[in-house]
Structures are given as structure tokens and as C-alpha cells.
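Spelled out from the first residue to the last, the chains are:
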Amino acid sequence: MNVDYPIDAVITWVDGNDVKWQQKINPFLEKKIDWQDKKESIRYNSINEIIIVIESIIKFAPFIRNIFLVTDNQLPDGLDRLMVLSSNAGINLEVIDHTVIFRDYENYLPCVNSISIISMLFRIPGLAEHFIVFNDDTFLMKAASKNDFFKGEYPIVRGVWDNYYEDQKLRKLYVKFLSFFGAKKDFGKPGYKKVQQKSAKLLGLKKYIRRGHTPVSIRKSTIENFFKEHPQIFEDNIKHRFRNKDQFMISSLSNHLEAKQNTYHLDKNLKLTYFQSYKYLYIIKIKLKKFTLDKDKLFMCFQNLEIAENNQLNYIINWIEAKLK
């Protein structure tokens, strides 16, 4: 099960604070975003977490060959320092513009839809057959090896098989309860789990692999071959500048394609500490302490970190910086 082939890392990122970028997408919005309102712009806000993601990969995954940062004509603050840091570690850090991966499909630009953008990642020039997709809010915070992402030639898929929303008994009862009071029937709004389910249904599977917010291991040929056979499915999934209920998640499509071929290793252990709320500092401290003590944890996901209060944010950033020294 030794892994002796090159592995690349890919990160998608947007600087939602960039005024030029805001002006570029505004003409395509039916309802304009008030960029001064955190609640309206939360999906695009950041506090430059991308620097932490890249630095964490350089420190804790020195086996990575290339780090490809996919952006829309933007460069993060501190990139020069990271270029030096990655070069010293023997890793190539490269910025890939949307125009590169959307070549021949430029009519769908500008695009602020992560599902559409991630669907194009396999088109990065020089991308390794085996690569890992990181979100810009997911950090690798302990030393990892290639075998944490691939075994032999096959990717490790972190998650569990689960029923579709419409096949979950408790959810069906809940929907019936709501409909009794006149609420509209719905088996889950389009969201993280819903787009995972769509990819499994697309392949005719009776269940889906429910993943957490962890990095995703992908074989380029798996996605490439599927889209060569189904070019219309590919174009239908990338044509949306903004999220659409008909889209599926490419990382989950990859997982389910590998599962269907039995060319994967399922691991129920997410190795993840997940932050979605920052209401109480003492809870933040407990979760960070548990992560440190649990030798099995590798990943941390901080969703919408910019909504944390200053004292909470400072504590988290100081904790991260201490780990990255």
C-alpha cells in the first residue's frame, strides 16, 4: 500500500474584500450585495485564512509537489513570503487564474460559484494524477503523510454511507408534520449534503457517502474520463455563475465514481475538529485543547471565522500561529 507517486494540493480562494472584484460580479447579481453588511456578504468574507491554509500544507505535508492556488485575478497578502517558504521546503507554489481552467468556456466567467469552479480543477496544467482539494477554511494542523490521503493507487474517502433525505424515516416524519400545518414539502434545501446526494443519484447509487468538511483526495483520470463520456453533464454543472439547485459537487462525484468501481478506501474517521459557532470562548478553548491531545486529529475547519468576536479570533489565531512555528 506504499504511496510513491507525486501528489499535488489545490485550493480555491476569493478575496471578497477586493472592491474591483465586487464591482466585477455586481452586474450579474439580480439582487445586489451590500458589501458593508456582514450578513449579506458572509459567503465571500475572509480574514486572509488562505495564508494559514498554504502555510499549514507547507509545514505539515512536505510531501506535496505543487500547491495550486486557484483565484480570480487576485493575489493574497503575504504571497511573496509563502513563495520563499514553499521553495525552501521543495514545494512549488503557483497561482492559477480562472481564465486558465475555464479555457474554451470563458463565456461562463466571471464565476463566484465554488461548485462550478471546483468542477474545473482537473484542467489545471501539469496537475498530478493524484491531488488533494483543500477549502480555504480547512487547515492541516498536524504532521500528515501520503497515506493519510491515498492507499496504493486509490483515494481515501472520509465519510459514511447514508440514506438520501427522502429515505430517512425521521426526516420523512418531520416533513409530514410540517406539511400538516401547511408548510411546503421539502427533503432538504440545496446545501452541502444535498449536492453530495445529487452526485450519487447521478450515478444511480441507492445511498450516498456523507462527508465532512475535510480535504478531498481525487484521481484526475476518474473525473476526466467521466466528463469525456458525458460532456453535457460537465457543461451543465459549470455554467452557473452562482449556486444552482441542479448542481452536484465534483468532489462527491469523484468519491462516488471510485465507490462504484470499488477503487477507494472508506474511512469513517474524519480526523476533523469543526467550528461553525464562536459564541463562547471557553468552548473554543476546550475544542482546541482536545484537538491537541487527540493524536488521531489532523484537520481543522473554521467556517465563517470572520464572525468571531475579537477576543475569540485573537485566541484562535495565536493558537494557530503557535502550531505553525
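Structure's up top.
Definitions and limits used
- Starting from 1, residues in each chain are numbered consecutively following that chain's sequence as written.
- For a predicted model such as this one, the threshold for reporting local features is a pLDDT of at least 70, and the threshold for listing and counting side-chain atom pairs is 80 or more; totals across whole chains, interfaces and linings nevertheless cover every residue.
- Values shown for side chains rest on all heavy atoms present in the structure; no hydrogens or waters enter the calculation.
- DSSP calls a pair of strands paired once it identifies at least 2 bridges connecting them.
- Working definition: helices are DSSP H or I runs of at least four residues, strands are E runs of at least two. Numbering for both runs from the N terminus.
- Axes, fitted as lines to C-alpha atoms, cover a helix only where it is in contact. Angles between the N-to-C directions of the axes lie from 0 to 180 degrees.
- Exposure categories follow from relative accessible area, calculated using a 1.4 Å probe and restricted to protein chains: below 20% of the type maximum is buried, above 50% is exposed, and the middle band is partly exposed.
- By the convention used here, residues are in contact when the closest approach between their heavy atoms is within 4.5 Å.
- Note on aromatic contacts: the rings of Phe and Tyr and the six-membered ring of Trp form a pair at centre separations within 6.5 Å, being stacked when their planes are under 30 degrees apart, edge-to-face when over 60 apart, and tilted otherwise.
- Only buried residues count toward a nonpolar core. Its members are Ala, Val, Leu, Ile, Met, Phe, Trp, Tyr and Cys residues joined through side-chain atoms within 4.5 Å.
- The salt bridge definition used is simple: a Lys or Arg side-chain nitrogen within 4 Å of an Asp or Glu carboxyl oxygen.
- Two N or O atoms count as a polar contact when they lie within 3.5 Å, although within protein this holds only if one can serve as hydrogen donor and the other as acceptor, and sequence-adjacent residues are included solely when both atoms are side-chain atoms.

Participant: Describe in detail the sheet that holds strand β11 (residues 272-275), supporting the description with residues and values.
Facilitator: Strands sit in the order β5-β12-β11 across an open sheet of 3 strands; the sheet is mixed. Each end of this open sheet is capped by a strand with a single partner; those strands are β5 (138-140) and β11. Strand-to-strand, the axes of this sheet are offset by a mean angle of 15°, without reference to chain direction. Two strands pair when backbone bridges link them, and β5 and strand β12 (residues 299-302) are joined in this way by 3 bridges, in the antiparallel orientation.

Participant: Got a sec to walk through the pairing of β12? Specific residues and values, please.
Facilitator: Burial along β12 is two-sided: the residues Phe-299 and Cys-301 and Met-300 and Phe-302 are all buried. In this structure, β11 lies alongside β12, joined through 4 bridges in parallel fashion. Residue pairing across strands places Thr-273 opposite Met-300, the latter belonging to β12.

Participant: Which residues make up helix α8 (residues 192-202), and what values go with them?
Facilitator: All of the buried residues in α8 are Lys-194, Val-195, Gln-196, Gln-197, Ser-199 and Ala-200. Turning to α8, the residues buried within the fold contact α6 (114-118), β8 (208-211) and α11 (250-261). Count one or two residues on from α8 and you reach Gly-204, which has phi positive near 80°.

Participant: Explain the sheet that holds strand β2 (residues 66-71) to me, using residue names and the numbers behind them.
Facilitator: Here we have 5 strands laid out as an open sheet, ordered β3-β2-β1-β4-β9, and mixed in their pairing. Sheet topology places β3 (92-97) and β9 (216-219) at the edges, where each strand pairs with a single neighbour. Pairwise comparison of adjacent strand axes, ignoring direction, gives a mean angle of 25° for this sheet. Relative to β3, β2 is paired through 6 bridges, and the arrangement is parallel. Within β3, the position partnered with Asn-66 by the bridge is Asn-92. Its contacts with the sheet put helix α9 (residues 220-229) on β4 (130-134) and β9, and the angle it makes with β9 is roughly 60°.

Participant: Go over the packing of aromatic side chains, please, and point to the residues and values.
Facilitator: The geometry of an aromatic ring pair is captured by two quantities: the separation of the ring centres and the angle between the planes. On inspection of all chains with the given rule, the structure shows 14 aromatic pairs. The interplanar angle of 50° and the centroid separation of 6.2 Å between the aromatic rings of Phe-63 and Phe-149 together place this pair among those described as tilted. Placement of the pair is Phe-63 in the loop between α3 (49-60) and β2 and Phe-149 in the loop between β5 and β6 (150-151), with a sequence separation of 86 residues. Judged by relative accessible area, Phe-63 falls into the buried class, the value being 19%. On the basis of relative accessible area, Phe-149 is assigned to the buried category, the value being 2%.

Participant: An account of the nonpolar core is needed here, citing residue identities and associated values.
Facilitator: Among the nonpolar cores identified, the biggest contains 49 residues, and Ile-11, Ile-54, Ile-57, Ile-64, Ile-67, Phe-302 and Ile-320 are the most heavily contacted of them. Element by element, the count of residues in this core is highest for α3, at 8 residues. Aside from chain neighbours lying at most four places away, what touches Ile-54 is Ile-11, Ile-67, Leu-69, Leu-82 and Leu-93. Formed by 35 residues, the second largest nonpolar core is a distinct cluster that contains Phe-122, Ala-200, Leu-203 and Leu-257.

Participant: How would you explain the pattern of salt bridges if you had to name every residue and give the values?
Facilitator: Across all of its chains, the model carries 10 salt bridges by this definition. Between Asp-296 and Lys-271 there is a salt bridge whose closest N-O contact spans 2.8 Å. On the criterion of sequence distance, the pair formed by Asp-296 in the loop between α12 (281-293) and β12 and Lys-271 in the loop between β10 (265-267) and β11 is long-range, its members being 25 residues apart. Relative accessible area serves as the criterion here: at 35%, Asp-296 is assigned to the partly exposed category.

Participant: So what's going on with the side chain of Thr-222? Which residues, and what values?
Facilitator: Tracing the backbone through its elements, the reader meets Thr-222 in helix α9. Classification of Thr-222 as buried rests on a relative accessible area of 9%. One polar contact links Thr-222 to Glu-258, side chain to side chain, over a distance of 2.7 Å. What Thr-222 contacts, discounting residues up to four positions off in sequence, is Ser-254, Leu-257 and Glu-258.

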